[in-house]
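Chain residues, written in single-letter form:
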Amino acid sequence: MPTTPSVRKRKRGFSDASESDSISIELSSLSDAQIGPVLASFPSLTPPKNIAYNVFLREEDEGKEFVKRPSTLAGETETIEFSGSVNEGSDGLGSRYFLALHQPGSSKLIVQPTPVYLVSREVKALKNFKPIESVISEGFHARNVLGEAFGTKKAKAAIRAHERNKVDVSAMESVASVLQDRIDEGTENLPTQEKMEESANAARLIPAYNADAERPEDIYPLHHIIPEPEWATLDGLLHKLKNATDDYSRARLLPNARSDWLRQNLMLAYSVPKPKSKVAFQDVIYASVMFTFRGIAGRNVPDRTVLLERLAPAPEIVVDGLLSRFTETPRGSAKPQMTSENETSLLTHLLALCLKVDDYATDTSLIATDLKMSPPRVNTLFKSLGCTIGKLTPQELKRLGLPDSVGQEKRAILRVPLTFPKPKQKKRT
């Protein structure tokens, strides 16, 4: 037997109204200063429905907009008081609230701005109630009495020690404000977090830097690494390098002839039709001198005459500058020494110069081999300069003119904005 399909009728909703049934929104005609309807929220409680509430306003705020005036909503029963307040300018806890009135058969929707009150309750019988003091102190007293009467010598000694060390809080109430004032005076000169960070950055054993630099080449200015008078004296060595017949001969003209980093940069500089600029060559020469100075100085710095011989053909002003900046002369001694801080400062200046020569992407393994140091320690020094140890992006490979295979190698890369590694916090034990 075939079934008859049922027909369900859909109720006519608001969306089914004809287009002519439009509603216009209008603001209430009440004055802004006139008290109007309000919204009240009763968190965690349900108030009785037969309570009459009143709104209380300050007389000195008369004439201001009602929703922006400080006001209090209050109501009460025989046993409970309900109240909530709105502070000046809060206007509904950070939001604008409106009440809307729509009369049936009318095409107008009237909206009225209103404040919102968070209402709390208070039991009248408990308003003047004072809490009973804790009986814990009474329990301690009773235990001490029993201990004094029946306890061992050790227990009695512990009770007497506890009594001696007990702090009378009531006796300190009169001096609490004085203590607080002294604490405020003692802490007002404490540095802020920003000032502490600035002091920590200023104490770093690195060349002077520009924290607001917008390009890597502006972070460490050249003459913050190499003093200008020393840098100018290197000009005489450029002609000898230019007249050399091959890369091996050029490397032999510099102090650190066995340096892989030095030979690689000399080879790259003269392998192109137009060699690098004069500035780049002078940076390479000075880096070669710093490599050699670090290798022969160590803890016991040789005499000046020995240094001049070993660092030849470096000018005397360069050798004297390295001695003055990266060594110290102990009191009562005429012989300079290189402390661990001096060595760290020398290495960071050297690595900053290598970054300039390498277009701010240095092969750390090559540097570690020349310095005879472990790669992790060299990476730590580069990080102290604000470098990140990672792989070059395709854009950086293209800028440096390196093949794609180099992209798999990690290098020390200096980028902007300059960020230093945060000190490691010790784990709580």
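Conventions adopted
All residue numbers refer to positions counted from 1 along the written sequence of the respective chain. Since the coordinates come from a predicted model, pLDDT governs what is reported: local features require at least 70, and pairs of side-chain atoms require 80 or more to be given and counted, while whole-chain, interface and lining totals use all residues. To get the side-chain values, take all heavy atoms of the structure and skip hydrogens and water. Note on pairing: DSSP must find at least two bridges between two strands before they are called paired. Note on conventions: DSSP H or I runs of at least 4 residues are helices, E runs of at least 2 residues are strands, and numbering of each starts at the N terminus. Lines fitted to C-alpha atoms define the axes, with helix axes restricted to the stretch in contact, and inter-axis angles between N-to-C directions lie between 0 and 180 degrees. For this analysis, a salt bridge means a side-chain nitrogen from Lys or Arg found within 4 Å of a carboxyl oxygen belonging to Asp or Glu. Buried residues are those whose accessible area, probed at 1.4 Å on protein chains only, stays under 20% of the maximum for their type, while exposed residues exceed 50% and partly exposed ones sit between those limits. Here is the rule for angles: anything less than 35 degrees is roughly parallel, anything more than 145 is roughly antiparallel, 65 through 115 is roughly perpendicular, and the remaining ranges are oblique. Residue contacts are defined here by distance: any two heavy atoms, one from each residue, within 4.5 Å place the two residues in contact. Three residue categories are used. Nonpolar comprises Ala, Val, Leu, Ile, Met, Phe, Trp, Tyr, Cys and Pro, charged comprises Asp, Glu, Lys and Arg, and polar comprises the others, including Gly. The definition of a nonpolar core used throughout is a set of buried Ala, Val, Leu, Ile, Met, Phe, Trp, Tyr and Cys residues joined through side-chain atoms within 4.5 Å. What makes a patch is a set of residues exposed beyond 30% relative accessible area and free of salt bridges, joined within 9 Å when like-charged and within 5 Å when nonpolar (Val, Leu, Ile, Met, Phe, Trp, Tyr). To measure how exposed things are, a 1.4 Å probe is used in the Shrake-Rupley method; for residues, cover is taken only from the protein chains shown. Here, expected helix span is obtained from the residue count minus one, scaled by 1.5 Å.

A. Here's a closer look at the sheet that holds strand E7 (residues 108-114). Sheet architecture is open: 3 strands sit in the order E1-E7-E6, paired in mixed fashion. Edge strands, defined here as strands with exactly one partner in the open sheet, are strand E1 (24-27) and strand E6 (97-101). Each adjacent strand pair in this sheet contributes to an overall mean axis angle of 35°, direction not counted. When E1 meets E7, the two strands line up parallel, connected through 4 bridges. Looking at E7, one finds that Ser 24 is bridged to Lys 108.

B. Expanded view of the pattern of salt bridges. A full pass over the atoms with the stated rule returns 13 salt bridges. A salt bridge links Glu 65 to Lys 68; the shortest N-O distance between them is 3.9 Å. Note that Arg 263 is salt-bridged to Asp 260, the shortest N-O span being 2.7 Å. On the criterion of helical spacing, the pair formed by Arg 263 and Asp 260 is a turn pair, its members being 3 residues apart in helix H10 (residues 260-270). Here Asp 260 falls in the partly exposed class, since its relative accessible area comes to 29%. Through salt bridges with shared partners, a single network forms among Arg 215, Glu 217 and Asp 218.

C. Inspection of the packing of H10 against helix H15 (residues 364-371) at higher detail. Remark: H10 packs on H15, axes separated minimally by 8 Å, with the N-to-C direction vectors making an angle of 130°. The pairing of H10 with H15 is recorded here as oblique in orientation. On H15, the residues touching Asp 260, Trp 261, Leu 262 and Gln 264 of H10 are Leu 366, Ile 367, Thr 369 and Asp 370. When the residues that make up the contact of H10 with H15 are grouped by side-chain class, the tally is 4 nonpolar, 2 polar and 2 charged.

D. Quick look at unusual backbone geometry. Look at the link from Ala 312 to Pro 313: it is a cis peptide, with omega at 10°. Following Val 416, the chain continues into Pro 417 via a peptide bond in cis, with omega recorded as 0°. Looking at the secondary structure, you find Pro 417 in the segment after strand E12 (410-413). Of note, Asp 359 is a non-glycine position whose phi angle comes to about 55°, a positive value. Along the chain, Asp 359 falls in the loop between helix H14 (340-357) and strand E10 (361-362).

E. Summary view of the nonpolar core. Ranked by internal contacts, the top residues of the largest apolar core, which has 64 residues, are Trp 261, Phe 293 and Leu 385. Of all the elements, helix H11 (residues 278-297) adds the most residues to this core, at 11 residues. Beyond its immediate stretch of four places on either side in the chain, Phe 293 contacts Leu 307, Leu 311, Leu 322, Leu 323, Phe 326, Thr 327, Met 338 and Leu 346.

F. Highlighting a nonpolar patch on the surface. Among the surface-exposed residues, Val 167, Val 169, Met 172, Val 175, Val 178 and Leu 179 lie close enough to one another that they form a single nonpolar patch of about 490 Å² accessible area. Looking at the nonpolar patch, the elements that each hand over two or more residues are helix H3 (169-172) and helix H4 (176-187). Along the chain, the position of Val 178 falls in helix H4. Since its relative accessible area comes to 40%, Val 178 is described here as partly exposed.

G. Structural context of H14. Between its terminal C-alpha atoms H14 stretches 26 Å, which fits the 26 Å expected from 18 residues at 1.5 Å a residue. Of all 18 residues that make up H14, 15 are buried, and the element is covered over most of its length. Of the residues trailing H14, Asp 359 is marked for its positive phi of about 55°.

H. Focus on the side chain of Gln 282. Here Gln 282 lies in helix H11. In this view, Gln 282 contacts Trp 231, Leu 234, Asp 235 and Leu 238; residues no more than four positions away in its chain are not counted.

I. Fine view of the environment of Ile 226. Note on placement: Ile 226 falls in the loop between helix H6 (222-225) and helix H7 (228-232). Along the sequence, Ile 226 and Leu 322 sit 96 residues apart, while their C-alpha atoms lie 9.8 Å from each other. Setting aside its immediate chain neighbours within four residues, Ile 226 contacts Trp 231, Asp 283, Tyr 286 and Leu 353.

J. Summary view of the sheet that holds strand E3 (residues 54-57). Taken together, 4 strands build an open sheet; the order of strands is E3-E4-E5-E9 and the sheet is antiparallel. The strands lining the two open edges of the sheet, one partner per strand, are E3 and strand E9 (120-123). Within this sheet the neighbouring strands show an average axis-to-axis angle of 25°, counted without direction. By the bridge criterion, 4 bridges tie E3 to strand E4 (residues 71-76) in an arrangement that is antiparallel. When the sheet's bridge partners are listed, Val 55 is paired in E4 with Leu 73.

Interpretation note: all reported values are geometric properties and have no functional meaning in isolation.
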